[in-house]
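# Geometric and topological summary
The chain contents come next:
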Amino acid sequence: ENNPRSKPTVKITDVNEHLLAKALETGKNAFQWLWDGLPATEKLVTSMLAGIGNQPFTAQVLEQLLKNHGIKITNPERQQATLVLQDWDVIELVEGDGFRFRVELFRRWIAENKPLSKVQQELDSSDTKANNFYNLGRQFRAVSQLKDAADNLEKALKLNPNHINANALLAETYLDVKNWEKGWKTAKAFSLLRPLAARPLLNQALERLIAGQDEDTRLHYYEEALEVDPEHAKVKQQWQKIWQQRGDKAYQANKLDDALEAYQKAESGDDVMKVKKAIWQQEGDIAYQADKLDEALKAYQKAESVDDVMKVKKAIWQREGDVAYQADKLDEALKAYQKAELADKVALVAGDMAYQADDLEKALAYYKEAKSDDKVAEIEQLQMAQSEIGSRLNELVEQYKGIDAILLYDAKRNQVYYNPNSVESHKSLLTLKRVFQNLLPSVENLSQLTYPSNFQHAIFPFVKKGSFHVYCVDELPCMIGFVNRVNMGIAISESEKLLKRLMAQKEQVSIFFD
């Protein structure tokens, strides 16, 4: 309004239903003229496509629509129809292999004024040859000449397979003469065109065909009926009833795959889930027996089998504990065994941890709880040995004044003995004891021996293999001597002279390993 030279713009929101109806009314003559010029097949195709809305469609969509509506045209006829509609600018190609209506107003006019049912009736009337045979068939039927009626109706359908009235009347005629198979075939064809109108004829033929038939035969006809009329509630109910019964029998016989398939067809949701859980339970049992614990756990979880889930979790924790225990990762093993609620194994690991911490009393109590007879005997023997040897080492320390401690390593038992009076009260000596016990067994040459960073050592001169080696540990001289190729002794003193005097008495040390 402000600038008369500019072109006016129209938004989609500006076009309301009133204006749309007015546009359709204005263009109806042009639309009718265009419609009248379309061939019969193109009219059927255009009517169907207009009914699905303004979204693009593909050749596959058109093929499915024809099938759904029971319209029988060949693939070449369908392809020719799309070419003609493109030439007439009714439809146009879109991105990919799809089509859409070129003019939305024309599509709306067809959808409102030319629905498929109306178009089919118009085409029936306009197909003169087919319609003449149809009228002849109707006349023969009126005077009860049913064979002649059927012959003429067949000729009408041969010329026009989509003739609504000819399909309906032929189905009725075959049923009247009790030709159930042909009546069934024709009723199915009619059902594709007009499902609701054909349903009484379909029911009549179906009841006759399944009377006295076995279950498989009845299922066959039910399935054929549902193919042409999927919404036929009564037929679907009977079909599902048979599958429900089959599912029950298969489930009772533990044929779970067959039961699952049957219940799925019966659309019995609760029974489907019941069978799935039974299948998962079986899969879990098989995996558990094969020691495939991770697979078993997943299956039992899907089966919602709480007890079995916990059973497998405990087995997994036990496996993790065993692996950690073999790797001497005692903390990890203890946690895993605790989750698995394995009291004996928890006690065994706790005993090992106490043993490593030199708490023999606590280790003994745990081993007894774990019912580990071998380890109980080992601790008891060690306690006896330590008591005896420790007492004699105390005597040696008292004899050589100035000796702070004596430690002896028994490679046969992998044990370190010491004089309790000094070592237990001296932190650095306890640390040295652990180093001595953990490192020396794997060292064949003393020059390879290393200590933690807080220890320093130096090798004093020595004469030959089997002689005594003098070390300084934390600036504290200590003597390590071979009693034999494996067993070793260590004495700690500030006096190197005293150490040499002690180790000169090699026989006094060796008696502890006899």
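All values derive from a computational prediction rather than experimental measurement.

The secondary structure content of the chain amounts to 26 helices and eight strands. By residue count, 41% of the 514 residues in the chain fall in the buried class. Put simply, 46% of the contacts in the chain that link residues at least 6 apart link residues at least 24 apart. Accessible surface computed for the chain: about 30000 Å², of which carbon and sulfur atoms make up 49%.

What follows deals with the environment of S268. One can find S268 in the loop between α15 (256–265) and α16 (269–289). Put simply, S268 and W243 are 25 residues apart on the chain and 9.5 Å apart in space, counted from C-alpha to C-alpha. With residues up to four places along the chain from it excluded, the contact list for S268 reads Q244 and Y263. Here Q244 takes part through its side chain, which lies 3.4 Å from a polar atom of the side chain of S268.

What follows covers the packing of aromatic side chains. Using the criterion set out here, one finds four aromatic pairs in the structure. Judged by centre distance (5.7 Å) and plane angle (85 degrees), the rings of W184 and Y221 are edge-to-face. Of the two residues, W184 sits in helix α11 (residues 180–193) while Y221 sits in helix α13 (residues 215–228), which places them 37 residues apart along the sequence. Y221 carries the same exposure label as W184, and that label is buried. Between K274 and the ring centre of Y251, over which it is positioned, the NZ or CZ distance is 4.2 Å. A cation over an aromatic ring shows up here: K311 above the ring of Y288, its NZ or CZ 4.2 Å from the ring centre.

Time to look at the packing of helix α12 (residues 195–210) against α13. Each pair of packed helices can be summarised by the angle the axes make with each other and by the distance between the axes. Contact geometry of α12 with α13 gives a least axis separation of 10 Å together with a crossing angle of 165 degrees. Of the possible angle classes, the one that applies to α12 and α13 is roughly antiparallel. For α12 against α13, the interelement crossing comes out right-handed. Between α12 and α13, the contacting residues are L202, L206, L209 and I210 on the first element and R218, Y221, Y222, A225 and V228 on the second. Across the contact of α12 with α13, the residue classes break down as eight nonpolar, no polar and one charged.

On to helix α5 (residues 75–87). Look at α5: 19 Å from first C-alpha to last across 13 residues, which is about the 18 Å you get at 1.5 Å a residue. Looking at α5, one finds that the buried residues are R78, A81, T82, V84 and L85. Taken end-on, α5 shows its buried residues confined to a sector of 160 degrees, consistent with a single buried face. Of the residues in α5, the exposed ones pointing more than 90 degrees away from the buried face are P76 and D87.

For the rest of this paragraph, the subject is the sheet that holds strand β3 (residues 98–101). With antiparallel pairing, the three strands of this open sheet are ordered in space as β1-β3-β2. The sheet terminates laterally at β1 (57–58) and β2 (91–93), the two strands that pair on one side only. Bridge analysis of β2 against β3 gives three bridges, and the strand direction is antiparallel. Bridging from a neighbouring strand, E92 pairs with R100 of β3.

Of note in the backbone geometry, D89 takes a positive phi value of approximately 60 degrees without being a glycine. Mapped onto the secondary structure, D89 falls in the loop between α5 and β2. Take D89: its relative accessible area is 44%, and that puts it in the partly exposed class.

So, about the pattern of salt bridges. Counted by the stated rule, this structure contains 20 salt bridges. Close ionic contact of E104 with R107 constitutes a salt bridge, the shortest N to O distance being 2.8 Å. Of this pair, E104 and R107 both sit in helix α6 (residues 104–113), three residues apart, which is roughly one turn of that helix. With a shortest N-O distance of 3.4 Å, K147 and D151 are connected by a salt bridge. With a gap of four residues between them, K147 and D151 both fall in helix α9 (residues 146–159), about one helical turn apart. Residue classification places K147 among the exposed residues on the basis of a relative accessible area of 62%. A relative accessible area of 34% places D151 in the partly exposed class. Residues joined in a network through salt bridges with shared partners are E92, R100 and R102.

Let us look at α15. Among the residues of α15, L256, A259, L260, A262 and Y263 are the ones counted as buried. Buried residues belonging to α15 abut α14 (233–252) and α16. Just past α15, the residue E267 takes up positive phi, approximately 55 degrees.

Next up on the list: the confidence of the model for the chain. Put simply, the chain has an average pLDDT of 77, and 71% of its residues get 70 or more. Throughout residues 423–431 the model reports pLDDT below 50, and contacts reaching past four residues in sequence, or to other chains, amount to 11 contacts. Note on residues 509–514: pLDDT is under 50 here. Beyond four places in sequence and across chains, it has 15 contacts.

Relative to the elements of secondary structure, K114 occurs in the loop between α6 and α7 (116–126). Since its relative accessible area comes to 7%, K114 is described here as buried. Residues within four places of K114 in sequence aside, it is in contact with Q32, W35, S47, W109, V119 and E122.

Interaxial distance between helix α3 (residues 40–50) and α6 falls to 8 Å at its minimum, and their mutual angle equals 95 degrees. Put simply, α3 runs roughly perpendicular to α6. Counting all contacts with α3, which are made through T46, S47 and A50, the residues of α6 involved are R107, I110 and A111.

Moving on: the pairing of β3. Note: β1 against β3, two bridges, orientation antiparallel. Following the sheet pairing, T58 is matched in β3 by G98.

Moving on, we get to the environment of Y263. Position of Y263 relative to the elements: it lies in helix α15. Between the C-alpha atoms of Y263 and M273, which are 10 residues apart in sequence, the distance is 9.3 Å. Within the local environment of Y263, its side chain forms a polar contact with the side chain of D248, the two groups lying 2.5 Å apart.

About the criteria used
- Along each chain, numbering runs from 1 in the same order as the chain's sequence is written.
- At least 70 in pLDDT is required for a residue's local features to be given in this predicted model, at least 80 for side-chain atom pairs to be given and counted, and no such filter applies to totals for whole chains, interfaces and linings, which use all residues.
- To get the side-chain values, take all heavy atoms of the structure and skip hydrogens and water.
- Every helix listed is a DSSP run of H or I at least four residues long, and every strand listed is a run of E at least two residues long, numbered separately from the N terminus.
- Burial here depends on accessible area, computed with a 1.4 Å probe over protein chains only, as a share of the maximum for the residue type. Under 20% is buried, over 50% is exposed, and the range in between is partly exposed.
- In this description, contact between two residues means that some pair of their heavy atoms is separated by no more than 4.5 Å.
- Exposure was quantified through the Shrake-Rupley algorithm and a 1.4 Å probe, taking into account, for residues, occlusion by the shown protein chains and nothing else.
- Two N or O atoms count as a polar contact when they lie within 3.5 Å, although within protein this holds only if one can serve as hydrogen donor and the other as acceptor, and sequence-adjacent residues are included solely when both atoms are side-chain atoms.
- Note on ring pairs: Phe, Tyr and Trp rings are taken, using the six-membered ring of Trp, and paired if centres are within 6.5 Å. Classes follow the plane angle, with under 30 degrees stacked, over 60 edge-to-face and the rest tilted.
- Criterion for a charge above a ring: Arg CZ or Lys NZ at most 6 Å from the ring centre, at most 35 degrees from the ring normal.
- For every element, the axis is a line fit to its C-alpha atoms; helices are fit only across the contacting stretch, and the angle between N-to-C directions ranges from 0 to 180 degrees.
- Convention used here: angles under 35 degrees read as roughly parallel, angles over 145 as roughly antiparallel, angles from 65 to 115 as roughly perpendicular, and any remaining angle as oblique.
- Each crossing is labelled by how the near helix is turned from the far one, with a counterclockwise turn of less than a right angle marking it left-handed and a clockwise turn marking it right-handed.
- Just so you know the grouping, Ala, Val, Leu, Ile, Met, Phe, Trp, Tyr, Cys and Pro go in nonpolar, Asp, Glu, Lys and Arg go in charged, and all remaining residues, Gly too, go in polar.
- Take the number of residues in a helix, subtract one, and multiply by 1.5 Å to get its expected span.
- Arc definition: it is the arc formed by the directions from the helix axis to the C-beta atoms.
- Here, a strand pair is defined by DSSP locating no fewer than two bridges between the strands.
- Salt bridges are counted wherever a side-chain nitrogen of Lys or Arg sits within 4 Å of a carboxyl oxygen of Asp or Glu.
- pLDDT measures how confident the predictor is about each residue, on a scale from 0 to 100.

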